[in-house]
Amino acid sequence: MLTNPTSVSNAPPAPGFADAVMQSQQTFRAALQAVAQPGSIHETELECGVPPGLSAGMTATLLTLADVDTPVWLPPEVDEAVRQYLRFHCGCPLVSEPEHARFVVVPAGHAAPALEHCDAGDPAYPDSSSTMLLEVDALDNEPSTASVMLSGPGIADRQCLSVTGLPADFWQQWRANHQLFPLGVDAFLIQGNRLCGLPRTVVVED
Amino acid sequence: MSVSTPYAPTSPPADAVVRRAAWMRVLALAEPDALDEAVQALGALPPHRALRNPERGMAMVRARSGGTGAQFNLGEMSITRCAVTLDDGVMGVAYVQGRERRHAEQAAVLDALLQRADWHDRIQSMVIAPLAQAHSARAQHQARVAAQTQVEFFTMVRGED
Amino acid sequence: MYVAVKGGERAILNSYRMLDAYRRGDPEVPELSLAQIRQQMPLAISRVMAEGALYDPQLAALAIKQAAGDVLEAVFLLRAYRTTLPRFGYTQPVDTARMRLSRRISSTFKDVPGGQILGPTYDYTQRLLDFSLEAESDATREAPLPAADQPVAATMPRVTDLLQHDDLIDQEPIPPGDPAPFDLTRQPLSFPAGRDARLQNLARADEGFLLSMGYSTQRGYGNTHPFAAEIRYGSLEVEMFVEELGFAVTVGEIELTECQMVSQFGGNAQEAPKFTRGYGLTFGYGERKAMSMALVDRALKADELGEAATAPANDHEFVLYHSDNVEASGFVQHLKLPHYVDFQANLELLRHMRDEQATAPVAAVSDVLADEAVAS
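To keep things clear, this report deals only with the structure shown in the data block. The structure displayed is predicted, hence computed values, not measured ones.

### Concerning the pairing of strand β6 (residues 274-283) of chain C
All names here are of chain C. The element β6 is largely enclosed, with a buried count of eight among its ten residues. For strand β5 (residues 247-265) and β6, the ladder comprises ten bridges, and the chain directions are antiparallel. Counted as the bridge partner of F265 is K274 from β6.

### Here we look at the sheet that holds strand β7 (residues 147-151) of chain A
Residues and elements named next belong to chain A. Here we have four strands laid out as an open sheet, ordered β6-β8-β7-β11, and antiparallel in their pairing. Edge positions in the sheet fall to β6 (138-140) and β11 (203-204), since each of these pairs with one other strand and no more. Examined bridge by bridge, β7 and β11 share two bridges and lie antiparallel to one another. Opposite S151, over in β11, you have V203 as the bridge partner.

### A closer look at the pairing of strand β2 (residues 71-86) of chain B
Counting buried positions along β2 of chain B yields 16 of 16 residues, so the element is predominantly enclosed. As defined by bridge partners, strand β1 (residues 48-64) of chain B adjoins β2 of chain B across 14 bridges and the pair is classed as antiparallel. Following the sheet pairing, R52 of chain B is matched in β2 of chain B by A83 of chain B. The hairpin turn running from β1 of chain B into β2 of chain B, its antiparallel successor, is six residues long, and G66 of chain B in that turn takes a positive phi close to 70°. Relative to strand β1 (residues 54-55) of chain C, β2 of chain B is paired through two bridges, and the arrangement is parallel. In the strand pairing of β1 of chain C, M77 of chain B is matched with Y55 of chain C.

### Observations regarding the packing of aromatic side chains
When we look at a pair of aromatic rings, we describe it by the centre distance and by the angle of the planes. Applying the stated criterion to the full structure yields eight aromatic pairs over all chains. Seen in terms of ring centroids, F170 of chain A and W171 of chain A are 5.2 Å apart; in terms of plane orientation they differ by 80°. Their pairing is edge-to-face. Overall, the relative accessible area of 1% leaves F170 of chain A in the buried class. Pairwise contacts between aromatic rings join F170, W171 and W174 of chain A into one cluster. Note that R52 of chain B overlies the ring of F88 of chain A, its terminal NZ or CZ placed 4.0 Å from the centroid.

### Side note on a nonpolar patch on the surface
Taken together, the side chains of I12, L13 and Y16 of chain C define a hydrophobic patch exposed on the protein surface, amounting to about 310 Å² of accessible area. Mapped onto the secondary structure, L13 of chain C falls in helix α1 (residues 8-24).

### Digging into helix α3 (residues 101-114) of chain B
Residues and elements named next belong to chain B. Along its 14 residues, α3 runs 20 Å from first to last C-alpha, staying within 8% of the 20 Å computed at 1.5 Å per residue. By the criterion of burial, α3 is predominantly enclosed, with eleven of the 14 residues buried. For α3, every residue scored as buried is listed here: H103, A104, Q106, A107, A108, V109, L110, D111, A112, L113 and L114. Among the structural elements, α1 (14-29), α2 (32-42), β1, β2, β3 (91-97) and α4 (117-147) are those in contact with the buried residues of α3.

Reading the values: the criteria
- Residues numbered from 1 in each chain as written.
- Chains lettered and ligands numbered in written order.
- Predicted model: local features only at pLDDT ≥ 70, side-chain atom pairs only at ≥ 80, totals over all residues.
- Heavy atoms only, no water.
- Buried < 20%, exposed > 50% of the residue type's maximum accessible area, 1.4 Å probe, protein only.
- Helix = DSSP H or I, 4+ residues; strand = E, 2+ residues; numbered from the N terminus.
- Pairing = 2+ DSSP bridges.
- Phe/Tyr/Trp six-rings, centres within 6.5 Å; stacked < 30°, edge-to-face > 60°.
- Lys NZ or Arg CZ within 6 Å of the ring centre and 35° of its normal.
- Patch = residues over 30% accessible without salt bridge, like charges linked within 9 Å, V, L, I, M, F, W, Y side chains within 5 Å.
- Areas by Shrake-Rupley, 256 points an atom, 1.4 Å probe, with all protein chains shown as cover.
- Salt bridge = Lys/Arg side-chain N within 4 Å of Asp/Glu carboxyl O.
- Expected span 1.5 Å × (residues − 1).
- Contact = heavy atoms within 4.5 Å.

Any functional reading would require information that these geometric values do not contain.
Here it is as structure tokens:
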């Protein structure tokens, strides 16, 4: 009796983009806009399979940005189905240390590594740094008890951003990260299918 | 900077892997038209759906310096890959040199069917064995033609050991 | 002063049409098919694949047809197309000892295990133009070579392995950990360049450039006296580790040409005299390229072997920065782009210098010229 010699689970991974070319371009455009206008929120209304444990927005972002050249870090306890999905669709190497990763992926419910434990890039190639993809509980631009004011390149004056579900000292880490410019870590905050971009140039007011 | 970390799965029986790698090799090395003919001759196949539509891309060919030493990147080769699932969840995969989408898709479908007890023997005998034989015959013929250009030295004393 | 230009777009669109007619030639003459190019110009295909750094004979044939036979233009087309293809991964390192050989020769030993197999080579032809090829007919050709009773040996040990027995030759072992190599397609070349970067650079280098550099080492611009220990041409199956399977599979077969050059090394305070090696490997059938690559590979080792390294072929930056014909062609041909403003500035300067020279006393002229040169 021939067994199916696929790896961990006998179930095939969830599907990727239904139309890879168009959808990855749309997602890329959303991510680009998010980084160009830091703190603003962009939606990815896309069809793709979603492995258990990741949001639709995180999945779409990884399908678009991760590939054989971008090592990805995932928290150790993340569902094996997520690893299988990324291996299949993205072909990205999965690494055990955040500083070896181009994308540090933190799904909801998992602890994020400190920004200083990620790769801040190289003086000759500052863009070779890690980008953190962080799932959060809530994300909007309305003032609230959880809001901060952002300023810097891409923001006309100031941008209000409310986020819940960040590590407690995230904004403190962020200020330290900002001091490293041109080095530093960039981040995307993701909730459901919504994205918000934080390039390292963003200033968080005290 | 790439990290080649071959992932070691919780293992399927080793000989099942060897058998599957063997038929995947035959499917990849087949002439596309010969594979298509063999597939048509099988008649109606169970339905499958695409997990990954045939996608054209490349693999970087690696070699070793001096033929034996440290690796270096030689250059890329075109590859088409495809993955399908049958209704019972069996997954078929193909990675095939070149840019023939039909070749990759047919190889993936056959890979899936070969994993099923009810199709395995039929596909082995009607598709795999003849394609393997054709490839081997081509290679043998080439080797015998090349042998016509082998120089016969009439040496009195054979060289070293 | 800036002169506005109009009508460029029309001229360019028409130049495409004129180029297409140039490429097609007389429409009464049957059009070239890609199958004809693949079958009847395999050496052009090999060169385009090697320098394009993309193994795909069908695409190479298309590029040659589109480029009207200009190999460097075809290489450029392949390189550009390559940027649109995603990379799925990496192959297992190919083992050239397992090549299915069409040709295998050694100039160092007459009797080599497996024998000397001449294969399809121009080496023994007299280089007389064959006017029978003017006829487009197979009727006058000799019948194809029949198969012999026995095939060539299935495996043939490397000649360089034979020399390793007495420790007479540079070993090339797998380094600890068998690390993944540097990738020129992902990181820029920086110096000192490791052997992996050098070999990748040389593998896609212009054949003419490498040939000249290799030749220069033989003419004394470099210290090597090389021997061709082995040259192999044939095909080899390629395997790839597939993540979603968890094991490696054969994806196809490619043709390769490999050359191992050996040359003498006089030894130094730390090392006994022995043979050192140069390695050449190229896609397709490209013996001249593989041999040239091996000569240059050896020449680039001069420095690390403690030899005099003053010849151009020993100079890493000179060789590795000028080896790529797409880069070289780009910069040379960029001179065709408008340089109107630069040139205008030069013209003005020249006129001014001549005026100064005509009116100023002779002794003062050189000062004026020096000032002008600094100011421009």
